[in-house]
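The residues making up each chain are set out below.
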Protein chains: 2
Amino acid sequence: MAFAKKIEPGTAVRLAEIDPAYDAGLSKDDGEKLTKDLAKRLDELDDLHYEAGMNSVLIVLQGRDTSGKDGTIRFLLSSLNAQGCRVAPFKVPTPIELAHDFLWRVHAVTPPKGGMTIFNRSHYEDVLVVRVHSLVPEAVWRPRYEHIDAFERLLADSGTIILKFMLHISKEEQERRLLDRENEVQKAWKLNVGDWKERAYWDDYTAAYEEALSRCSTARAPWYVVPADKKWFRNLAIAETLVNTLEPYRKAWLERLEGIGEAAKAELEEFRRSQA
Amino acid sequence: MAFAKKIEPGTAVRLAEIDPAYDAGLSKDDGEKLTKDLAKRLDELDDLHYEAGMNSVLIVLQGRDTSGKDGTIRFLLSSLNAQGCRVAPFKVPTPIELAHDFLWRVHAVTPPKGGMTIFNRSHYEDVLVVRVHSLVPEAVWRPRYEHIDAFERLLADSGTIILKFMLHISKEEQERRLLDRENEVQKAWKLNVGDWKERAYWDDYTAAYEEALSRCSTARAPWYVVPADKKWFRNLAIAETLVNTLEPYRKAWLERLEGIGEAAKAELEEFRRSQA
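Read on for a plain summary of the structure. What you are looking at is a predicted structure, and each value in this text was computed from that prediction instead of being measured.

1. A look at the overall build of chain A
Then comes step 1: Across its full length, chain A carries twelve helices and six strands.
Then comes step 2: Radius of gyration (C-alpha) of chain A: 21 Å, near the 19 Å computed for a compact globule of 276 residues.
Then comes step 3: If one aligns the C-alpha atoms of chain A with their principal axes, the spans along those axes are about 80 × 50 × 40 Å.
Then comes step 4: The 276 residues of chain A split such that 51% are buried.
Then comes step 5: When the 40 basic and 45 acidic side-chain charges of chain A are each reduced to a single mean position, those positions are 1 Å apart.

2. Let's talk about the sheet that holds strand β6 (residues 223-227) of chain B
All names here are of chain B.
Then comes step 1: Sheet architecture is open: six strands sit in the order β1-β6-β5-β2-β4-β3, paired in mixed fashion. What marks the edges here is a single partner per strand, and that holds for β1 (5-6) and β3 (85-89).
Then comes step 2: As paired elements, strand β5 (residues 160-168) and β6 share five bridges and run parallel to each other. Bridge pairing links Phe165 to Tyr224 in β6.

3. Let's talk about the interface of chain A and chain B
Then comes step 1: Listed per partner, the contact involves 23 residues of chain A and 23 residues of chain B.
Then comes step 2: Of the roughly 1,700 Å² buried where chain A meets chain B, counting both sides, 59% is carbon and sulfur surface.
Then comes step 3: Applying the counting criterion to the chain A and chain B interface returns zero salt bridges.
Then comes step 4: Between chain A and chain B we count 13 residue pairs in polar contact (both at pLDDT 80 or more) in total.
Then comes step 5: If you list the elements that add at least two residues to the side of chain A that touches chain B, you get α3 (95-98), α4 (104-108) and α7 (144-157) of chain A.
Then comes step 6: In terms of residues, the side of chain A that touches chain B owes the most to one element, α7(A), which gives seven residues.
Then comes step 7: Looking at the side of chain A that touches chain B residue by residue, the classes come out as 13 nonpolar, five polar and five charged.

4. Re the pairing of β5(B)
Side-chain positions along a regular strand alternate between the two faces of the sheet.
Residue and element names in this part refer to chain B.
Then comes step 1: Most of β5 sits out of view: nine of its nine residues are buried.
Then comes step 2: What you see with β5 is no split at all: Thr160, Ile162, Lys164, Met166 and His168 on one side and Ile161, Leu163, Phe165 and Leu167 on the other are buried throughout.
Then comes step 3: Pairing geometry for strand β2 (residues 56-63) and β5, over eight bridges, is parallel. Bridge pairing links Val60 to Lys164 in β5.

5. Examining the side chain of Arg250(A)
Residues and elements named next belong to chain A.
Then comes step 1: Considering the arrangement of structural elements, one finds Arg250 in helix α12 (residues 250-275).
Then comes step 2: For Arg250, the side chain forms a polar contact with the side chain of Glu44, separated by 2.7 Å.
Then comes step 3: Beyond its immediate stretch of four places on either side in the chain, Arg250 contacts Glu44, Leu45 and Leu48.

6. Some details on the packing of aromatic side chains
Then comes step 1: Taken as a whole, this structure holds 16 aromatic pairs over all chains when the rule is applied.
Then comes step 2: Judged by centre distance (5.8 Å) and plane angle (90°), the rings of Trp232(B) and Phe233(B) are edge-to-face.
Then comes step 3: Judged by relative accessible area, which is 0%, Phe233(B) ranks as buried.
Then comes step 4: Over the ring of Trp202(A) we find Arg64(A), and its NZ or CZ is 3.6 Å from the ring centre.

What counts as what
- Throughout this description, residue numbers start from 1 for each chain and increase along the sequence as written.
- Written order decides the labels, with chains lettered from A and ligands numbered from 1.
- For a predicted model such as this one, the threshold for reporting local features is a pLDDT of at least 70, and the threshold for listing and counting side-chain atom pairs is 80 or more; totals across whole chains, interfaces and linings nevertheless cover every residue.
- To obtain the side-chain values, all non-hydrogen atoms of the structure were used and water was disregarded.
- Starting at the N terminus, helices and strands are each numbered in turn, a helix being any DSSP run of H or I of at least four residues and a strand any DSSP run of E of at least two.
- We take the radius of gyration over the C-alpha atoms and set the globule estimate at 2.2 Å times the residue count to the 0.38 power.
- Between buried and exposed lies partly exposed: a residue is buried under 20% and exposed over 50% of the maximum accessible area for its type, with that area taken using a 1.4 Å probe on protein chains only.
- When charges are counted, Lys and Arg contribute as positive and Asp and Glu as negative, whereas His and the chain ends are disregarded.
- Lys charges are placed at NZ, Arg charges at CZ, Asp charges at CG and Glu charges at CD.
- By the convention used here, strands pair only if DSSP detects at least 2 bridges between them.
- In what follows, a contact means two residues having at least one pair of non-hydrogen atoms within 4.5 Å.
- Buried area is calculated as the accessible area (1.4 Å probe) missing from two parts once they are joined, with the contributions of both summed.
- The term salt bridge refers to a side-chain nitrogen of Lys or Arg lying within 4 Å of a carboxyl oxygen of Asp or Glu.
- Residues adjacent in sequence count toward polar contacts only when both atoms are side-chain atoms; beyond that, a polar contact is any pair of N or O atoms within 3.5 Å, and within protein one must be able to donate a hydrogen and the other to accept it.
- Polarity classes work like this: nonpolar for Ala, Val, Leu, Ile, Met, Phe, Trp, Tyr, Cys and Pro, charged for Asp, Glu, Lys and Arg, and polar for all others, with Gly in that last group.
- Working definition: rings of Phe, Tyr and Trp (its six-membered ring) pair if their centres are within 6.5 Å, and the pair is stacked with planes under 30 degrees apart, edge-to-face with planes over 60 apart, and tilted otherwise.
- We call a charge positioned over a ring when the NZ of a Lys or the CZ of an Arg lies within 6 Å of the ring centre and within 35 degrees of the ring normal.

If you want it as C-alpha cells, here you go:
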C-alpha cells in the first residue's frame, strides 16, 4: 500500500491525474486507526533517530492556501519527539533575506544530526509564488531548479533524509474551506482576502507545481503528492510515507545506540575498578 | 601587468612552477607606491559598491601557516570602507557546525548586497586539512569539489563577485617566519608547535592545494595564486586583482547611484511643492 503518490525521478507530473479526494476505499474510522498505529511507530523511529544522531530529517510541506499545512504540522508535532523537532516557516522574505541568495535563509535552518525540521513552505516558493507573480525575471528563477537540486544533494550527502510533500486539494475543496473561515467565528482569524485573489491564479500555480515536482523529485529527495481533500487521509498518507522512509534506518540507529551503551558500560566498569 | 597568477578554468596547477618570491622586477619602494595608488582606487570602488547595493563581494583567503592571511586582512581593512566589510574566520568546526553539512557555517556568513566579506580560511579547508589528515573518508571529501562549485555558482547567480587568493610562500620563507615567532618577543604569541608539525605534511598540502585550485577555478569564482614571500608584493598583487575585478562594475554602480539621487531629488521637490 502507498497512500501518497511518489513522483518517480524524471517523470512529468500531471496533477489533474491525481485525485485529491482519494482515500484508498477506506472509511474515516479505519483510516484513523491505521494512522494511530503508524504514529506510534513513527514516534519510536524518531526516538531512535534522535538518540543515534547519525542522520537529519527534513520534511518539506508545500501546498496551496488552505491545503492543510498547519494541520499537518499539528498532527506531526503531536506524534513526534518534540525535543528534536523544529518547525521553520517561510514567509515573505525580509530585507536582509532578500539581500542574499534565495537559499541563504533556508540553509540556516536545516536540521542538525539527530534533529528533524519541518519546513512550512520552503525554498520551493522561489519557483512557485515568485514565478506565478513574476517577482523576479525568468532568467533569475529558471536556474533555481538546478540550485535546489545541488542544495538538496549537499544535504543528502551529509546524511539528511529529505521528504517533500505537496498537499493536493481540489478547487472545490479550497472554496469550501475558505467559506468556512468566513462563516465560522473560530476560523475567521485565518481569513485573508489574499487567498481569494490567489485563487485566480489556480492554473498558473498548477503549472508551476507541475514543473517543480517534475524537475526536483530525485531518489535522494523525492516529492510525494498527498491527496488532501480529506484531512484524515492526508495524515495517514504522510505518516505512512514517513514510517516507510525511516524504517530502513532502524537497524543502523539501533547498532549505534548499542555501541554507545556498551562504551558507557565499559567506562562505568573501569570507574568502579578504579574505586575498588 | 598582472601580479597574481590567475588560474584559467580547466588547467592543471603546478605550484612548483610559480615563484613565491616573484616581484615583477620592482623595488619595494616602487611596489609600495603602486599599492598606495591602487588602494585609493579600491577604496573608491568599494564605496560605490557599498552605496549602490547591487552586488556582494566575497574574498577567500587561503594559504599555509605564516603565509600572511592576517597581514593581508590588516592591509585590506585599512584600505576599505569598514562599514560594509566583515571578516569571517573559519577555525576548527564546533560540535553544532559538525552536526551540519560543511557549507552550513560558510553560507551563513556570506555577504549581503552592498557588503564585502573576507574569509580567513574557508570551505576549502574541507578539501585541504580534512583531506591531508583524513579527518573524513575520501568518499566524503571527494564530492565536496562539486558541492563547492554549485555553492559558488549559487552565490554568483545572485550577484556575488567572488575572488579566491592562495597566498603562496616557499618552504624556506615559512621556516624564517616560524623562527621569527620564536625569536621575537612581540611575535611569540603566534607561536604554535602545531605549525611545525604541519610542515611535515608540506607535500601533501601542495597536492591538496593543486587539486582544489585546478578543480575549483571558474570564470565566476577564479582562483589567484599570489606570490607571497615578499609581503609588499603580496599586498600589491591583491590590490591590483581587486581593482581589476571591480572596475568593470563602476559604470553600473554609478548609474544606480544617479538613479537613486534623481528619485530623491524628485521626492524632495514634490515635498517642497506640497508645503508651498
